Protein chains: 2
Amino acid sequence: MIVLLLLLKVYLVIMRDLSIKIKLTPGLYLKDPDSTELGKRIISNSIVLINELGFEKFTFKKLSKKINSPESSIYRYFENKHLLLIYLTSWYWSWIEYRVVLSVININNNLDKLDKAIDILTMPVNEDKSFSYINEVILDKIIIAESVKSFHTKEVDVENKKGCFESYKKLVTRLAQMILDVNPDYKYPHMLITTVIEGAHQQRYFSEHLPKLTDTIKTEDTIVAFYKELVQKMISSK
Amino acid sequence: MIVLLLLLKVYLVIMRDLSIKIKLTPGLYLKDPDSTELGKRIISNSIVLINELGFEKFTFKKLSKKINSPESSIYRYFENKHLLLIYLTSWYWSWIEYRVVLSVININNNLDKLDKAIDILTMPVNEDKSFSYINEVILDKIIIAESVKSFHTKEVDVENKKGCFESYKKLVTRLAQMILDVNPDYKYPHMLITTVIEGAHQQRYFSEHLPKLTDTIKTEDTIVAFYKELVQKMISSK
DNA sequence: GTATTATGATAGTATTACTATTATTATTGA
DNA sequence: TCAATAATAATAGTAATACTATCATAATAC
């Protein structure tokens, strides 16, 4: 009983610690949106609006109407909508990493750990985990539909130097290490992981919009199964 | 000797046939750019300019300056720059399919055929095959950097109905069939192929801009090797 | 209770993404 | 060969986008 309570405490501390840690590098914003009420309204409403309009048709003007604040106030938080998108994706990847860490903490077999982690990377987010002011279900949709745009720009090298993609790199690094923990000789852990992460998102997008490009079945989750098999076959020595 | 000449003739007929076949569905354009001098200048210069500026900063205005024709003339060929991008990617996938068909025609082992096809899907385009007025080396760069934007929009479903993505689907269907020719029991041929195609492009992009997300080595082509192994391991009936 | 900071209100600008109109060539076809 | 047709050029214009600037006001901190 005491052990259980202790475990629970460890959980909560980690959760609290990590939830507080979803503070992102200052290179992403002009003013930390997590530090004010307006900032939080910008984040939560931009998620809804980007999902509704798509990133191309989303503008700060429209967002300003939605939150009843002047456009110029939004510009005090983010240089432009592209950096806001990077902020959202960074938050997302940090949140995914937090969930990976949490879900793996009481597993002591490396293969099982990796398996659990792949689950989190490839499964869709179905319920809002009610992480403060961010709707994770909608954010997950945005990531599937829009996240590739965050790094497919001419500014990618400059932004990369500024640290804009650290959250994603951190997650990939962690998972690459988890692969190496299972098979220390495996040569391409980063390629494998990004193939899985981006591939799973891509397949989800295809199954909704371009079903001829995939083989998903409505009733069962073929995507998770496919990428789990992929990882297993690739890292099995021999 | 006669056999050789006959083979050559078959080659040329196929080449001519396919090269002529890189006429794309009329849903993509208002006026076929392949039918006029101006249309061809629009295509060839847009490839160069999109590569230079990136798709976001590319505009019909800037293109019109480059080709010394009014902006309104470009609008007579394409409704907007997004449909021009779809046109370019469609042309690209049709061209890739043409190369796949050609490279595989004199191989009679299904596994070797697939292997050769994966080569074409995953290798970068190094030399301009001088296909008329289109620079395939630069086009390949655009596809790697920008092609995901062609279908990651709110209009994807409408455009899909108009046939905008038929070239890509046709290629994927052909390769899925090639997988089934090797292993008729394999369940996810489309997923596997899109994972390979998009994955290879993604890894090339990462190796240039976000190297922490991949494991490529400058000296050798790890990307081709990685995805070949992936396909082989996935379809081998264990 | 003043200094600081955050937000609101308003205005303005260059560029983008188009549409429209008319003039001028080039091509076709009778 | 001349008229009709089609294609392009030249020019103008508009609403929206992507910002920047300024000043007033409200909230908070010391």
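Residues numbered from 1 in each chain as written. Chains lettered and ligands numbered in written order. Predicted model: local features only at pLDDT ≥ 70, side-chain atom pairs only at ≥ 80, totals over all residues. Heavy atoms only, no water.

## A look at the overall build of chain A
Step number 1: The helix and strand tally for chain A stands at 12 helices and 0 strands.
Step number 2: Along the chain direction, N to C, the helices and strands of chain A fall in the order α-α-α-α-α-α-α-α-α-α-α-α.
Step number 3: Looking at chain A as a whole, 55% of its 238 residues qualify as buried.
Step number 4: Within chain A, counting contacts between residues at least 6 apart in sequence, those at least 24 apart form 70% of the total.
Step number 5: When the accessible surface of chain A is totalled, it reaches about 11,200 Å², and 56% of it is carbon and sulfur. (Helix = DSSP H or I, 4+ residues; strand = E, 2+ residues; numbered from the N terminus. Buried < 20%, exposed > 50% of the residue type's maximum accessible area, 1.4 Å probe, protein only. Contact = heavy atoms within 4.5 Å. Areas by Shrake-Rupley, 256 points an atom, 1.4 Å probe, with all protein chains shown as cover.)

## As for the environment of M191 of chain A
Step number 1: Inspection of the secondary structure puts M191 of chain A in helix α11 (residues 189-209).
Step number 2: Classification of M191 of chain A as buried rests on a relative accessible area of 0%.
Step number 3: The sequence separation of M191 of chain A and A176 of chain A amounts to 15 residues, and the corresponding C-alpha distance is 8.7 Å.
Step number 4: Apart from the residues lying within four places of it in its own chain, the contact partners of M191 of chain A are Q203, L213, T214, D215, T222, I223, F226 and Y227 of chain B.

## Overview of the pattern of salt bridges
Step number 1: Here the structure, examined in full by the defined rule, presents 22 salt bridges over all chains.
Step number 2: Residue E97 of chain A is joined to K170 of chain A by a salt bridge in which the shortest nitrogen-to-oxygen separation is 3.3 Å. Of the two residues, E97 of chain A is situated in helix α5 (residues 81-104) and K170 of chain A in helix α10 (residues 166-182); the sequence distance between them amounts to 73 residues.
Step number 3: Between E166 of chain B and K169 of chain B there is a salt bridge whose closest N-O contact spans 3.2 Å. (Salt bridge = Lys/Arg side-chain N within 4 Å of Asp/Glu carboxyl O.)

## Comments concerning helix α5 (residues 81-104) of chain B
Residue and element names in this part refer to chain B.
Step number 1: Over its 24 residues, α5 extends 35 Å from the first C-alpha to the last, a length consistent with the 34 Å expected when each residue adds 1.5 Å.
Step number 2: Buried residues dominate α5, accounting for 23 of its 24 residues.
Step number 3: Two or three places before H82, at the start of α5, stands the capping residue N80, its side-chain oxygen 3.2 Å from that residue's backbone nitrogen. (Expected span 1.5 Å × (residues − 1). Polar contact = N/O pair within 3.5 Å; in protein donor to acceptor, adjacent residues only side chain to side chain.)

## A closer look at the protein's contact with DNA strand C
Step number 1: Around DNA strand C, the surrounding shell holds 17 residues, and the nearest of these are K31, S69, R76 and Y77 of chain A together with N80 of chain B.
Step number 2: When atoms of DNA strand C within 4 Å of the protein are split into backbone and base, the sugar-phosphate part holds 58%.
Step number 3: The side chain of K31 of chain A places a nitrogen or oxygen atom 3.1 Å from a phosphate oxygen of DNA strand C.
Step number 4: One of the side-chain nitrogen or oxygen atoms of R76 of chain A is found 3.0 Å away from a base oxygen of DNA strand C.
Step number 5: Those elements that provide at least two residues to the surface near DNA strand C are α4 (71-75) of chain A together with α4 (71-75) of chain B.
Step number 6: For the surface near DNA strand C, the element with the most residues is α4 of chain B, which contributes 3 residues.
Step number 7: When the residues that make up the surface near DNA strand C are grouped by side-chain class, the tally is 4 nonpolar, 7 polar and 6 charged. (Near = heavy atom within 4 Å. Nonpolar A, V, L, I, M, F, W, Y, C, P; charged D, E, K, R; others polar.)

## Quick look at the relation of the copies chain B and chain A
Step number 1: Under the fitted operation, chain B is carried onto chain A by 0.0 Å of movement along the axis and a turn of 180 degrees, and the coordinates agree to an RMSD of 0.0 Å. In symmetry terms, the pair is related by a two-fold rotation axis. Ranked by how close their C-alpha atoms come to the rotation axis, the residues of chain B are headed by K233 of chain B, at 3.2 Å. (Least-squares fit on C-alpha atoms with pLDDT ≥ 70 in both.)

## A closer look at the protein's contact with DNA strand D
Step number 1: The immediate surroundings of DNA strand D are formed by 17 residues, with N80 of chain A together with K31, S69, R76 and Y77 of chain B found nearest.
Step number 2: When the atoms of DNA strand D within 4 Å of the protein are sorted by group, sugar and phosphate make up 61%.
Step number 3: Between DNA strand D and the protein, one listed contact pairs a phosphate oxygen with a side-chain N or O atom of S69 of chain B at 2.8 Å.
Step number 4: At 3.4 Å, a side-chain N or O of S73 of chain B approaches a phosphate oxygen of DNA strand D.
Step number 5: Elements represented by at least two residues in the surface near DNA strand D include exactly α4 of chain A together with α4 of chain B.
Step number 6: Top element by residues in the surface near DNA strand D is α4 of chain A. It accounts for 3 residues.
Step number 7: Among the residues making up the surface near DNA strand D, the classes are represented as 4 nonpolar, 7 polar and 6 charged.

## Focus on the side chain of K169 of chain B
Step number 1: By secondary structure assignment, the location of K169 of chain B is in helix α10 (residues 166-182).
Step number 2: A relative accessible area of 8% places K169 of chain B in the buried class.
Step number 3: In terms of polar contacts, K169 of chain B uses its side chain to reach the side chain of N160 of chain B, at 2.8 Å.
Step number 4: Not counting chain neighbours up to four residues away, the residues in contact with K169 of chain B comprise K212 and L213 of chain A together with N160 of chain B.

## A short note on the interface of chain B and chain A
Step number 1: Listed per partner, the contact involves 52 residues of chain B and 53 residues of chain A.
Step number 2: Surface buried jointly by chain B and chain A totals about 4,700 Å² across both partners, of which 62% is contributed by carbon and sulfur atoms.
Step number 3: Ranking the residues of chain B by area buried against chain A places H152, M191 and F226 of chain B at the top, with a combined share of 16%.
Step number 4: Here chain B is connected to chain A by 2 salt bridges.
Step number 5: Its salt-bridge partner being E155 of chain A, residue K57 of chain B comes within 2.4 Å of it at the nearest N-O pair. (Buried area = accessible area lost by both parts, 1.4 Å probe.)

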